Number of protein chains: 2
Amino acid sequence: MSPKALDYESLNENLKKAQYAVRGELYLRASELQKEGKKIIFTNVGNPHALGQKPLTFPRQVVALCQAPFLLDDPNVGLLFPADAIARAKHYLSYTSGGLGAYSDSRGLPGVRKEVADFIGRRDGYPSDPELIFLTDGASKGVMQLLNAIIRGEGDGVLVPVPQYPLYSAAIALFGGSLVPYYLEETANWGLDVADLRQSVAHARAKGITVRAMVIINPGNPTGQCLSEANLREILRFCYQENLVLLGDEVYQQNIYQDERPFISARKVLMDMGGPISRELQLVSFHSVSKGYWGECGQRGGYFEMTNIPPRSVEEIYKVASISLSPNVPAQIFMGLMVNPPKPGDISYDQFVRESKGILESLRRRARIMTDGFNSCRNVVCNFTEGAMYSFPQIRLPPRAIEAAKKARKVADVFYCLKLLEATGISTVPGSGFGQKEGVFHLRTTILPAEEDMPEIMASFKKFNDEFMEQYEDHRGYSRM
Amino acid sequence: MSPKALDYESLNENLKKAQYAVRGELYLRASELQKEGKKIIFTNVGNPHALGQKPLTFPRQVVALCQAPFLLDDPNVGLLFPADAIARAKHYLSYTSGGLGAYSDSRGLPGVRKEVADFIGRRDGYPSDPELIFLTDGASKGVMQLLNAIIRGEGDGVLVPVPQYPLYSAAIALFGGSLVPYYLEETANWGLDVADLRQSVAHARAKGITVRAMVIINPGNPTGQCLSEANLREILRFCYQENLVLLGDEVYQQNIYQDERPFISARKVLMDMGGPISRELQLVSFHSVSKGYWGECGQRGGYFEMTNIPPRSVEEIYKVASISLSPNVPAQIFMGLMVNPPKPGDISYDQFVRESKGILESLRRRARIMTDGFNSCRNVVCNFTEGAMYSFPQIRLPPRAIEAAKKARKVADVFYCLKLLEATGISTVPGSGFGQKEGVFHLRTTILPAEEDMPEIMASFKKFNDEFMEQYEDHRGYSRM
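- Looking at an unreviewed UniProt entry, one finds chain A named Aminotransferase class I/classII large domain-containing protein and attributed to Trapa incisa.
- According to the UniProt record, the Subcellular location (unreviewed entry) comment for chain A is "Peroxisome".
- Quoted verbatim from the Subunit (unreviewed entry) field of UniProt, the annotation for chain A is "Homodimer."

Now the structure itself:
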């Protein structure tokens with residue numbers, strides 16, 4: 001009998017091609033070890049609450065009340081909830097017709113989309129139109145919706161930074177398109193050189209690929225760099241000249257750990273440029289409640305904002321969003337709260353500021369501890385994590401380790417990360433899952449383990465790395481490296 | 001300059017082909033009218049809370065506590081929450097690592113998947129394996145994941161009932177496959193005839209299409225029929241003979257309004273059949289927290305269970321689910337609560353039973369009021385809503401109405417439904433959005449408006465319909481119809 005539709009050999013090939021290393025071999029092995037009772041430190045994915053970060057109190061109070069609206073009439077409600085949380089819950093419930101249990105419009109609740117537009121307007125200094133903002137179940141879902149609209153077949157290419165967050169490579173494979181890589185320069189603190197971009201596009205075109213869009217991740221994932229205003233201007237001009245849609249993944253905009261280059265949105269730079277480019281360049285920007293000092297990953301809330309996208313295309317994107325009926329409504333409330341946090345004078349303001357500053361300042365210290373820890377190993381070099389939630393050190397592996405990996409039929413950094421996992425319980429993602437230059441190896445770890453655990457984790461990494469090097473290094477001389 | 005990637009003419013054609021009438025022209029017009037201040041009764045989508053259905057208290061208490069876990073330590077918590085809700089919240093939080101703010105495994109929380117497996121085991125009398133159950137953001141997302149795995153290109157066909165829920169036609173178009181319709185027989189209470197199925201497959205094959213899968217919706221949407229055990233056995237045997245995956249959309253399994261044919265799952269019938277078919281037929285079954293007496297649409301919770309799917313394919317489906325990281329966690333808790341509701345003796349048991357029975361019994365009465373109301377119009381015939389949440393009356397339109405529609409460049413049932421909307425505020429979906437035989441017209445409405453409003457709504461419908469007929473009927477004699 002011929003194979004059945006869900007037999008492996010008969011599945012959609014694009015599905016099989018998609019790779020997603022963040023939950024790949026390393027994660028699966030870590031899950032097994034955890035089942036066997038080993039203590040695992042999951043630093044494979046930016047999942048702050050899983051590593052002990054406490055949720056912000058005020059938003060949780062508001063959403064809890066929205067889930068249990070019958071409490072709003074209870075005379076005892078004030079014993080458990082502050083008055084501003086009660087008022088906010090009523091405010092958000094007034095945006096819904098039927099509370100959290102009713103589907104919203106497929107683009108999200110109009111009231112929340114208005115609050116997002118106001119936030120963007122304040123942030124950028126240019127008004128934003130709620131009709132061009134769609135709420136989504138996390139930013140990933142929005143990215144996938146847009147890539148699905150852009151990619152018509154394998155002749156369509158999307159410029160993606162390498163190293164990159166594998167959502168992009170996976171989604172492009174799933175939709176049957178072609179990934180066109182552009183390399184970030186590690187020695188220039190993961191900088192983006194527009195001359196390289198031109199070369200990447202030329203290479204792709206020579207292969208018959210129509211390059212349709214470009215992805216930037218700012219701050220970078222896994223690389224942590226923050227793009228300068230001048231660099232963003234160059235990128236925008238490049239996209240305009242090359243007729244590319246720019247997809248701006250800006251989910252880490254609150255996660256900045258240096259003062260030289262504060263976050264600036266691609267949209268603001270575009271508007272500042274003025275002229276035809278500001279009215280013609282197609283830009284879609286993504287944001288999320290999963291990152292920042294919120295870390296509400298499990299709620300799955302995000303949005304995208306469209307700039308210069310023709311109304312008919314917006315309608316098509318709306319139509320496709322409608323097939324899934326609506327993004328989950330509780331996370332829409334979280335998004336409203338994120339863009340509209342407590343204000344000075346509100347009962348919960350001081351607590352909110354204390355909690356959020358505490359998280360961000362600790363992340364900044366952890367970024368430093370981690371970078372320094374990696375750089376204290378003689379075969380490891382690591383750029384400082386300027387933003388986002390990751391450290392992406394380069395691990396210089398001796399030839400004998402690379403040979404041993406080959407014998408074990410593993411990519412060398414997978415081999416290294418598996419050994420690290422078995423020895424220490426630290427679950428990372430090999431650099432090969434993000435893309436890297438030939439013969440160079442990295443790993444990605446989040447900077448999210450609790451600050452008090454950080455010194456021990458870095459010591460445990462260093463000890464493992466020293467032993468690994470001891471085992472595989474050619475002792476006849478370091479110069480061979 | 002050539003078009004940009006997000007210009008309409010340059011979008012992915014599959015995206016443009018996808019149609020989703022439930023949120024189509026009628027819904028958009030209704031939203032406009034609502035903005036202008038008209039009172040709209042949204043019966044276009046099965047969204048019970050939007051029409052006043054109250055959420056069940058106990059599950060909302062549990063999820064509210066999971067959102068605000070700091071309340072669990074508050075000495076006053078017992079003033080607002082019963083002890084069993086507090087215990088349940090602790091129970092579900094123990095399934096997570098990091099509460100609702102942490103991504104879960106991409107298949108969902110193992111603890112909840114175990115509770116789902118136990119529920120299926122109790123329901124069907126055959127054990128179910130949690131490793132083959134994936135939690136999803138509503139059933140729609142699961143259906144899309146599976147269709148994406150099955151469809152490789154336009155040569156791949158999926159058998160879909162007509163009339164059908166347009167999720168199927170839209171998703172098949174989006175993934176670039178071919179919909180192979182099989183007609184439900186209106187005069188046989190929307191029954192499914194296996195001889196017709198064979199004919200549909202033969203037709204498709206003659207056109208060079210490889211039919212890979214078959215969809216059943218039981219109870220039916222929009223048609224409301226409940227499949228008998230004998231009919232399910234025939235369908236399973238047919239899929240086995242024809243080497244088809246069966247996708248069983250069973251989201252309305254709690255919504256049954258007659259006693260002759262209680263819900264029986266495709267999986268139970270398959271297991272009862274025994275022999276090679278029970279070990280080889282590939283079946284995927286879908287369920288949701290959005291329907292039943294829960295109606296928690298806005299939470300976006302669902303699951304699918306795979307039967308006889310090879311482990312390597314399960315891994316691929318897992319990998320693709322991982323790209324979106326995890327279904328939203330609060331809805332996973334709702335799913336746990338749905339499959340594991342309060343038990344006799346629990347503090348909240350009586351209230352839970354009172355609330356859920358109240359909703360179901362009222363739905364049963366509403367199904368009757370609506371069917372009778374439609375059948376009291378001389379040009380309308382309507383099968384009784386045996387299950388699900390919809391009424392799907394056939395509207396016999398006079399030739400002059402069909403001509404008038406043609407002049408207005410509308411499909412005749414769209415024309416009729418638009419007039420109904422303008423006159424009464426009742427927002428329905430034209431039958432053409434679900435598929436129907438040539439020259440026959442329907443509309444779909446939910447049975448969800450509040451029971452006390454039902455007589456007025458049906459009177460308002462009847463008045464509109466009488467006036468419409470008055471306007472368009474040929475008064476020289478009814479026999480012309």
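### A short note on the UniProt feature "domain: Aminotransferase class I/classII large" (unreviewed entry) in chain A
Argument step 1. Mapped onto the present numbering, the UniProt feature "domain: Aminotransferase class I/classII large" (unreviewed entry) falls at residues 85-453 of chain A.
Argument step 2. Helix makes up 43% of residues 85-453 of chain A and strand makes up 15%, while its end C-alpha atoms are separated by 33 Å.

### Thoughts on the confidence of the model for chain A
Argument step 1. On average, chain A scores 95 in pLDDT, and the residues at 70 or more come to 98%.
Argument step 2. Predicted confidence is poor over residues 477-481 of chain A, with pLDDT under 50, and the contacts of this stretch with residues over four places away or in other chains come to 7 contacts.

### Overview of the environment of Ser376(B)
Residue and element names in this part refer to chain B.
Argument step 1. By the secondary structure assignment, Ser376 is in the loop between α15 (349-375) and β9 (380-381).
Argument step 2. Classification of Ser376 by relative accessible area gives partly exposed; the value is 39%.
Argument step 3. For the pair Ser376 and Glu315, spaced 61 residues apart in sequence, the C-alpha to C-alpha distance is 54 Å.
Argument step 4. Among the polar contacts listed, one links the side chain of Ser376 to the backbone oxygen of Gly373, at a separation of 2.7 Å.

### A closer look at the relation of the copies chain B and chain A
Argument step 1. Once turned by 180° and shifted 0.0 Å along the axis, chain B lies on chain A with an RMSD of 0.0 Å. This pairing of chains is accounted for by a two-fold axis. Considering only C-alpha atoms, the part of chain B nearest the rotation axis is Ala64(B), at 2.1 Å.
Argument step 2. Both copies present the same face, since 100% of the interface residues in chain B are matched by interface residues at the equivalent positions in chain A.

### With respect to the sheet that holds strand β3 (residues 156-162) of chain B
All names here are of chain B.
Argument step 1. A sheet is described by the order of its strands in space; here 7 strands give the open sequence β2-β8-β7-β6-β5-β3-β4, paired in mixed fashion. The open sheet has two edge strands with one neighbour each: β2 (133-136) and β4 (178-183). With strand direction ignored, the average angle separating the axes of adjacent strands in the sheet is 20°.
Argument step 2. Where strand β5 (residues 210-217) lies against strand β6 (residues 245-249), 5 bridges are found, and the strand directions are parallel. Paired with Ile216 across the strands is Gly248, a residue of β6.

### Let's talk about the environment of Lys114(A)
Residues and elements named next belong to chain A.
Argument step 1. Mapped onto the elements of the fold, Lys114 is located in helix α6 (residues 110-124).
Argument step 2. Classification of Lys114 by relative accessible area gives partly exposed; the value is 43%.
Argument step 3. A sequence separation of 57 residues divides Lys114 from Thr57, and the C-alpha atoms of the two residues are 24 Å apart.

### So, the domain arrangement of chain A
Quite often, the size of an interface is put as the accessible area lost when its parts meet.
All names here are of chain A.
Argument step 1. Taken domain by domain, chain A comprises domain 1 (8-39 + 353-480) and domain 2 (95-339).
Argument step 2. On a C-alpha basis, the centres of domain 1 and domain 2 stand 27 Å from each other.
Argument step 3. Taken residue by residue, the interface counts 35 residues in domain 1 and 36 residues in domain 2.
Argument step 4. Here domain 1 meets domain 2 over a buried area of about 2900 Å², counting both sides, of which 56% is carbon and sulfur.
Argument step 5. Considering only the side of domain 1, the residues that lose the most area to domain 2 are Arg364, Asn383 and Glu386, jointly responsible for 24% of the buried surface there.
Argument step 6. In this structure, the connection of domain 1 to domain 2 is made through 3 salt bridges.
Argument step 7. Linking Asp259 and Arg364 is a salt bridge whose minimum nitrogen-to-oxygen distance equals 2.9 Å.

### Describing the interface of chain B and chain A
Argument step 1. The partner chain A presents 101 residues to the 101 residues of chain B that form the contact.
Argument step 2. Both faces considered, chain B and chain A share a buried interface measuring about 8400 Å² in area, 58% of it formed by carbon and sulfur atoms.
Argument step 3. Ranking the residues of chain B by area buried against chain A places Leu6(B), Tyr103(B) and Ile323(B) at the top, with a combined share of 10%.
Argument step 4. For the pair chain B and chain A, the interface holds 2 salt bridges.
Argument step 5. Inspection of the region where chain B meets chain A yields 50 residue pairs in polar contact (both at pLDDT 80 or more).
Argument step 6. Looking at the side of chain B that touches chain A element by element, the count peaks at 8 residues for helix α13 (residues 311-323) of chain B.
Argument step 7. Across the side of chain B that touches chain A, the residue classes break down as 50 nonpolar, 30 polar and 21 charged.

### Regarding the packing of aromatic side chains
Residues and elements named next belong to chain A.
Argument step 1. Going through the model one piece at a time under the given rule, you end up with 36 aromatic pairs over all chains.
Argument step 2. Relative to Tyr390, the ring of Tyr252 lies with its centre 5.6 Å away and its plane at 85°, an arrangement referred to as edge-to-face. With a gap of 138 residues between them, Tyr252 in the loop between β6 (245-249) and α11 (266-273) and Tyr390 in strand β10 (residues 390-391) connect regions that are remote in the sequence. Here Tyr252 matches Tyr390 in class, with each residue buried.
Argument step 3. Three or more aromatic residues joined by ring pairs form one cluster here, namely Phe415, Tyr416, Phe464, Phe468 and Tyr472.
Argument step 4. A cation over a ring is seen here: Arg107 above Tyr318, with NZ or CZ 4.0 Å from the ring centre.
Argument step 5. Its end group placed over the ring of Phe384, Arg368 keeps NZ or CZ at 4.1 Å from the ring centre.

### A look at the environment of Ala30(B)
All names here are of chain B.
Argument step 1. Considering the arrangement of structural elements, one finds Ala30 in helix α2 (residues 25-35).
Argument step 2. Spatially, the C-alpha atom of Ala30 lies 8.9 Å from that of Leu418, the residues being 388 residues apart in sequence.
Argument step 3. With residues near it in sequence (within four places) discarded, Ala30 still touches Ile40, Phe42, Leu421 and Ser427.

Reading guide: rules and limits
- Residues numbered from 1 in each chain as written.
- Chains lettered and ligands numbered in written order.
- Predicted model: local features only at pLDDT ≥ 70, side-chain atom pairs only at ≥ 80, totals over all residues.
- Heavy atoms only, no water.
- UniProt positions renumbered as here; feature names shortened; annotations may be inferred.
- Helix = DSSP H or I, 4+ residues; strand = E, 2+ residues; numbered from the N terminus.
- pLDDT = per-residue confidence, 0-100.
- Contact = heavy atoms within 4.5 Å.
- Buried < 20%, exposed > 50% of the residue type's maximum accessible area, 1.4 Å probe, protein only.
- Polar contact = N/O pair within 3.5 Å; in protein donor to acceptor, adjacent residues only side chain to side chain.
- Least-squares fit on C-alpha atoms with pLDDT ≥ 70 in both.
- Pairing = 2+ DSSP bridges.
- Axes fitted to C-alpha atoms, helices over the stretch in contact; angles between N-to-C directions.
- Domains from an automatic or database assignment.
- Buried area = accessible area lost by both parts, 1.4 Å probe.
- Salt bridge = Lys/Arg side-chain N within 4 Å of Asp/Glu carboxyl O.
- Nonpolar A, V, L, I, M, F, W, Y, C, P; charged D, E, K, R; others polar.
- Phe/Tyr/Trp six-rings, centres within 6.5 Å; stacked < 30°, edge-to-face > 60°.
- Lys NZ or Arg CZ within 6 Å of the ring centre and 35° of its normal.

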